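Structural overview
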Amino acid sequence: MTHRPLPVALRGDLVAVSLKVAPKASQNRIQGLAADAAGGTVLRVAVTAAPEKGKANQAVIRLLAKALAVPKTSLTVISGETDRHKVIGFSGDTTALKHQIESWLRSLPQP
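Summary of the structure given here. (Residues numbered from 1 in each chain as written. Predicted model: local features only at pLDDT ≥ 70, side-chain atom pairs only at ≥ 80, totals over all residues. Heavy atoms only, no water.)

**Description of the overall build of the chain**
The number of helices and strands found in the chain is 2 helices and 6 strands. Moving toward the C terminus, one meets the helices and strands of the chain in the order β-β-β-β-α-β-β-α. Here the C-alpha atoms of the chain give a radius of gyration of 13 Å, agreeing with the 13 Å that 2.2 N^0.38 yields for 111 residues. Across its three principal axes, the chain shows a C-alpha extent of roughly 35 × 30 × 20 Å. A burial count over the chain gives 40% of its 111 residues as buried. Taking contacts inside the chain between residues at least 6 apart in sequence as the whole, the part at least 24 apart equals 56%. When the accessible surface of the chain is summed, it comes to about 6,300 Å², and 50% of that surface belongs to carbon and sulfur atoms. When the 15 basic and 7 acidic side-chain charges of the chain are each reduced to a single mean position, those positions are 9 Å apart. (Helix = DSSP H or I, 4+ residues; strand = E, 2+ residues; numbered from the N terminus. Rg over C-alpha atoms; globule rule 2.2 N^0.38 Å. Buried < 20%, exposed > 50% of the residue type's maximum accessible area, 1.4 Å probe, protein only. Contact = heavy atoms within 4.5 Å. Areas by Shrake-Rupley, 256 points an atom, 1.4 Å probe, with all protein chains shown as cover. Lys, Arg positive; Asp, Glu negative; His and termini not counted. Charge placed at Lys NZ, Arg CZ, Asp CG, Glu CD.)

The structure is reproduced here in structure tokens:
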């Protein structure tokens, strides 16, 4: 089994996670890791919110904050505000956060 890199990186004072979001899904859920077109890895997330006026972005932030037990205010959309492909930034102790996120990602289904 080939192991792809995790979709997490340090970007300045943030820990960045690459996502592919499915809006207007039947339920909010973390779907696991998936290969992207560039040969990397993304975290697949589904949310029930429609992609209008930032509703889907806020749903993604709520879902990730709950899954990782971090404050919603520590998450922000770094890129992909209006795209299904997004990068979400986590602020705080970057070393501890990166370790926490990587451990959590390793526990998810792999591509």
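**Details of the environment of valine 17**
Here valine 17 shows up in strand E2 (residues 14-22). For valine 17, a relative accessible area of 2% gives the class buried. With 60 residues separating them along the chain, valine 17 and valine 77 place their C-alpha atoms 9.8 Å apart. The residues touching valine 17, leaving out its near neighbours within four places in the chain, are Pro7, Val8, Leu43, Lys86, Val87, Ile88, Phe90 and Ile101.

**A word on helix H2 (residues 94-106)**
For H2, with 13 residues, the first-to-last C-alpha span of 18 Å sits near the 18 Å given by 1.5 Å per residue. Along H2, the residues classified as buried are Leu97, Ile101, Glu102, Trp104 and Leu105. Along H2, the residues classed as buried sweep out an arc of 160° about the axis, all on the same side. Exposed and oriented more than 90 degrees from the buried face of H2 are Thr95, His99 and Arg106. (Expected span 1.5 Å × (residues − 1). Arc of directions from axis to C-beta.)

**So, the nonpolar core**
Residues Leu19, Leu43, Leu64 and Phe90 are the most contacted members of the largest nonpolar core, which totals 28 residues. When contributions to this core are tallied by element, the ones reaching two or more residues are E2, strand E4 (41-46), helix H1 (55-68), strand E5 (75-79), strand E6 (85-91) and H2. If one sorts the elements of this core by residue count, H1 sits on top with 8 residues. Excluding anything up to four places from it in sequence, phenylalanine 90 contacts Asp13, Leu14, Val15, Val17, Leu64, Leu68, Val70, Ser74, Leu75, Leu97 and Ile101. (Core = buried A, V, L, I, M, F, W, Y, C linked by side-chain atoms within 4.5 Å.)

**Description of the pairing of E6**
With 5 of its 7 residues buried, E6 lies for the most part within the structure. Both E2 and E6 contribute to a ladder of 7 bridges, which runs antiparallel. Bridge pairing in E6 places valine 15 opposite phenylalanine 90. Joining the antiparallel neighbours E5 and E6 is a turn of 5 residues, in which glycine 80 adopts a positive phi near 85°. (Pairing = 2+ DSSP bridges.)

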